[in-house]
2 protein chains.
Amino acid sequence: MKISIERGTLLKAVGQAQSVVERRNTIPILANVLMEAEGDSVSFRATDLDIEVVDKAPAQVERAGATTVSAVTLHEIVRKLPDGALVQLVDDGASGKLEVTAGRSHFTLATLPKEDFPVMASSEYQSNFSAPAPVLRRLFDKSKFAISTEETRYYLNGVYMHVAEAEEGRVLRCVATDGHRLARIDADLPDGAEDMPGVIVPRKTVGELRKLLDDDDMQIAVSVSETKIRFATPEITLTSKVIDGTFPDYSRVIPIGNTRQMEVDAQEFAKAVDRVATVSSERSRAVKLQLDEDRLVLSVNAPDSGAAEEELAVAYGDEKLEIGFNAKYLLEIASQVDRENAVFLFNSAGDPTLMREGTDQSAVYVVMPMRV
Amino acid sequence: MKISIERGTLLKAVGQAQSVVERRNTIPILANVLMEAEGDSVSFRATDLDIEVVDKAPAQVERAGATTVSAVTLHEIVRKLPDGALVQLVDDGASGKLEVTAGRSHFTLATLPKEDFPVMASSEYQSNFSAPAPVLRRLFDKSKFAISTEETRYYLNGVYMHVAEAEEGRVLRCVATDGHRLARIDADLPDGAEDMPGVIVPRKTVGELRKLLDDDDMQIAVSVSETKIRFATPEITLTSKVIDGTFPDYSRVIPIGNTRQMEVDAQEFAKAVDRVATVSSERSRAVKLQLDEDRLVLSVNAPDSGAAEEELAVAYGDEKLEIGFNAKYLLEIASQVDRENAVFLFNSAGDPTLMREGTDQSAVYVVMPMRV
C-alpha cells in the first residue's frame, strides 16, 4: 500500500473510526484500524465486535493494499501534524511496519496482518429506508437521556426504535426508559420503513450515530434486520448489533387519564428546580411541587443543610396538589422542551406524571413521582 | 445581620473565598465562610488553616452582624440566581439560620457560630512592598510548573521567593524545582523588599494568588515574615503560611560552563517534540536529540508501537551531540518561551542542560537529561 492523503481529510476519517475503538482491549487487533486503499480512495474500518464503522476518504493511491495499525496512535499523530500537510502512508506488506511521512516528520508504526481483522458478517436487511439527518437527530437526542444504565436490565440499555400506531396514523417511534422516567418521540414514517422490525439500538451506537447527524441537509440510509441496524452516509457506514431482548410494553406506563394540567415556561421552571435543589444532599434530591390556583411553589427541605422555596406563576386551574420528584429527572425532562412552554399532566401524588410540549403529541415524557 | 447586595458582586466575593475551602473537611466549620457586615460593606473570610482569604464587597448594611454558612452551598445558590438580582441576607443571630432571598427565591441555610471560626493570628511582617500584578504573574507563572509534588520533599512543594544577587544587581527571584527540572525567574527588586526573608510559597497559595493577578493595572501589596506571606488588593487579602523548611542551594544546579549553543524556534520545537512523543509508551517518554551543523533530529524509539523522527532547522555550530530528555519536561520548558527563539546550552549527554530566551538572563531553565 502506498497512498497520499490530505491531513484534514485523513484526520476526519480516522477520528470517526477510532472513536468506536475501546480503550482497553484484551484482543490486540481490536485496538487497530483496518486501512484499505483501492482506486481513488482509502477506507478506515474499526470495530468493537458489536459496532463497526467504515469511513471512506478520497486519496491518491499509488499502490493498492491493506494493513492494520493502532487507531489511537495514528489519530494522535495526524492530529498533531500541521494543517494542510500532505501525508504519505506506505506499507510494503512484508516488514510489518507502516511508514507515515509528512514534511520532515517521519513515523514507523507496528502493524498487524489485515487477515486477522474481524470484519462484521454482512446481513440481509428486511427494511431499507432513508431519513433526513434532523429527523433522526430529534428522535434519538430527545430520548437518549432516559436510557437505563442498569446492566441487569440490558433490554433497557438502548433506544427502542419501531413502527407504532399513533392517533394520526403510523409513525417511526423511539422510546427509552429506565423505570423512573420515559421518553416517547414520534416522527413521520419514512417510505420503506413500514415493515421495519422493532429494534433496541444500544447506547454506544446512539452516541456514535450522533456524529453522522450534524449536517442538516444529509439524507441517512437506514437498514434494519432483526439483529442489526445500519446507518450510512456517502462516506460513513455505521453497522451495529441490536440488543437481543424484548422491550417492555411501555404503553401501559403512559398515563391517559391525567387531567390536572399545569402549563409553565420550561426554562424558568428548569432554573427554579435547579436553584431549590442546591440545598439538598446529593443522595435524595427530592423537590416538592405545591400547586394551587395559577401558582406553583417548588421546595426542598434538607435537615442538615437548610431549606429552599421558590414561587412560579403558572397556568393551573385544578384543585390543590402536592407532589414530589427527583430534581435530576425534572431538570432533564424540562431541558428537552424546544418551545417556550411545558405542559404537565398530573393525576395524584402517587401516579406517574406526563409532560409534553404544548398540545404536541409527538414528544411525550413520563416521570414517576417520589414521596416527599 | 441584615444586608442587601447585588448578585454579581456577591458571586465574585463568595467565589474567591470558597475556592480556598477544602472539599473534604473533618472540621465542619472549615467548610463555612465567615460573613461580617459593618458600615457599607460585607467581608467573606474562608480558610483551610494554612491559607486565609478575605474578600470585601460593598453592600447595603441594614443591621451589622456576622455569621458563618456553607461556602459551597452559598456560592452555588448565588451562581444560579438570575443576573442583576438583588440578594438579601438575613440572620437574626438566635435561630442558627441564614435567610437568603432574591425575587421569588427563598433559601434557609444552617449556620455555625461565628465565634467558632478560626481566624488566622495576625503577624508582624518584616518586609512590606508593592509590586505590579504583571510582575508577580510572570514570576509565579513561569516557575510554578517545576514545583515538586513529592510530599517527602516538602521543601520543594512551593516556589522559593527571595532576594538574590544577579549580574545586574539585586533582584526579586522565584525558583522552583523537582530535581529533574528547575526554573529561575528574576524581576526588578521593588522598593522596600531589600530585607525580605526568603520564603517558600506553597503550591496551593500560588494557585489562589493567581486569581488576584489578572488585572494588569493592579498594584499588589506584599508583606513577608519568616512564617507568613500576605498579598493584598483593595478588595482581597490572601494570607498564607509559608513552607517551614530550607530550600536547597539551587545555584549549584545551574550549569555555568555549558558552551554548546542551539537556537531554535520555540513553537516549532515544542510541536515537533509533541509529535515524535506520540509513539512512545506513557511511562518512558524519552526523546533523543541529535545535533549536527545547523540541524536537529528529534527521535523516539518505542519497541512495542513504533518509531518517530523529525528534522528541524536550528542554529548550531558546535560538534555533534546526542542527548535524551523526558518529552514532558522539554514541552513544559519550551512552552514558557514568550519570544520566538529558545536558546539551549548543552555540555555533555550526562550533564544538565540550560535553556533561556535569547540572551535574557531573567528567566533561566535547567533540565536533566535521561539516557536514551
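Residues numbered from 1 in each chain as written. Chains lettered and ligands numbered in written order. Predicted model: local features only at pLDDT ≥ 70, side-chain atom pairs only at ≥ 80, totals over all residues. Heavy atoms only, no water.

1. Comments concerning the packing of aromatic side chains
- By the definition in use, this model includes 15 aromatic pairs over all chains.
- Summarising the aromatic geometry, the rings of F247(A) and Y250(A) are spaced 6.5 Å apart at their centres and angled 65° between planes, so their arrangement reads as edge-to-face. Taken individually, F247(A) and Y250(A) each receive the classification buried, so the pair is uniform in this respect.
- Considering the side-chain rings of F269(B) and F344(B), the 5.1 Å spacing of their centres and the 55° angle between planes classify their relative orientation as tilted. Separated by 75 residues along the polypeptide, F269(B) in helix α5 (residues 266-277) and F344(B) in strand β24 (residues 341-346) bring together distant segments of the chain. Of the two residues, F269(B) and F344(B), both sit in the buried class.
- Grouped by ring-pair contacts, the aromatic residues F269(B), F325(B), F344(B) and F346(B) constitute a single cluster. (Phe/Tyr/Trp six-rings, centres within 6.5 Å; stacked < 30°, edge-to-face > 60°. Buried < 20%, exposed > 50% of the residue type's maximum accessible area, 1.4 Å probe, protein only. Helix = DSSP H or I, 4+ residues; strand = E, 2+ residues; numbered from the N terminus.)

2. Digging into the pairing of strand β1 (residues 2-6) of chain A
All names here are of chain A.
- Two elements, β1 and strand β7 (residues 86-91), share 5 bridges in a ladder whose sense is antiparallel. Within the sheet, the bridge partner assigned to S4 lies in β7 and is Q88.
- Two strands pair when backbone bridges link them, and β1 and strand β5 (residues 60-63) are joined in this way by 3 bridges, in the antiparallel orientation. Following the sheet pairing, K2 is matched in β5 by R63. (Pairing = 2+ DSSP bridges.)

3. Re the UniProt feature "domain: DNA polymerase III beta sliding clamp central" (unreviewed entry) in chain A
- When the UniProt feature table is mapped onto this chain, "domain: DNA polymerase III beta sliding clamp central" (unreviewed entry) is found at residues 135-249 of chain A.
- Secondary structure within residues 135-249 of chain A divides into 13% helix and 41% strand; the distance between the first and last C-alpha atoms comes to 24 Å. (UniProt positions renumbered as here; feature names shortened; annotations may be inferred.)

4. Section: helix α3 (residues 133-141) of chain B
- Along α3(B), the residues classified as buried are A133(B), L136(B), R137(B), L139(B) and F140(B). In an axial view of α3(B), the angular spread of the buried residues amounts to 165°, which keeps them on one side of the axis. (Arc of directions from axis to C-beta.)

5. Notes on the domain arrangement of chain A
Residue and element names in this part refer to chain A.
- As assigned here, chain A comprises domain 1 (2-116), domain 2 (127-252) and domain 3 (254-367).
- Buried surface at the junction of domain 1 and domain 2, summed over both partners, amounts to about 1,100 Å²; 43% is from carbon and sulfur atoms.
- Among the residues of domain 1 in contact with domain 2, Q16, D50 and I51 are the three that bury the most area, contributing 41% of the side total.
- Counting the contacts that link domain 1 with domain 2 gives 3 salt bridges.
- Residues K204 and E22 are paired through a salt bridge, measuring 2.7 Å at the closest nitrogen-oxygen approach.
- On the surface where domain 1 and domain 2 come into contact, there are 10 residue pairs in polar contact (both at pLDDT 80 or more).
- For the side of domain 1 that touches domain 2, the leading source of residues is strand β4 (residues 51-58), giving 6 residues. (Domains from an automatic or database assignment. Buried area = accessible area lost by both parts, 1.4 Å probe. Salt bridge = Lys/Arg side-chain N within 4 Å of Asp/Glu carboxyl O. Polar contact = N/O pair within 3.5 Å; in protein donor to acceptor, adjacent residues only side chain to side chain.)

6. With respect to α5(B)
- Look at α5(B): 16 Å from first C-alpha to last across 12 residues, which is about the 16 Å you get at 1.5 Å a residue.
- Looking at where α5(B) begins, the residue whose side-chain oxygen comes 3.0 Å from the main-chain nitrogen of Q267(B) is D265(B). (Expected span 1.5 Å × (residues − 1).)

7. Some details on the side chain of T353(A)
All names here are of chain A.
- Note that T353 resides in strand β25 (residues 353-357).
- For T353, a relative accessible area of 0% gives the class buried.
- Discounting residues that sit within four places of it in the chain, T353 has contacts with N258, I323, F325, F344, L345, F346, Y365, V366 and V367. (Contact = heavy atoms within 4.5 Å.)

8. Re the sheet that holds β25(A)
All names here are of chain A.
- Read from one edge of the open sheet, 9 strands run β14-β11-β12-β13-β26-β25-β24-β18-β22, paired in antiparallel fashion. Edge positions in the sheet fall to β14 (199-202) and β22 (315-316), since each of these pairs with one other strand and no more.
- As judged from the 4 bridges shared by strand β11 (residues 158-166) and β14, these two strands associate in the antiparallel manner. Directly across from V159, in β14, lies its bridge partner V201.
- Sheet contacts for helix α4 (residues 203-210): β11 and β14; angle to β14, the most-contacted strand, approximately 70°. (Axes fitted to C-alpha atoms, helices over the stretch in contact; angles between N-to-C directions.)

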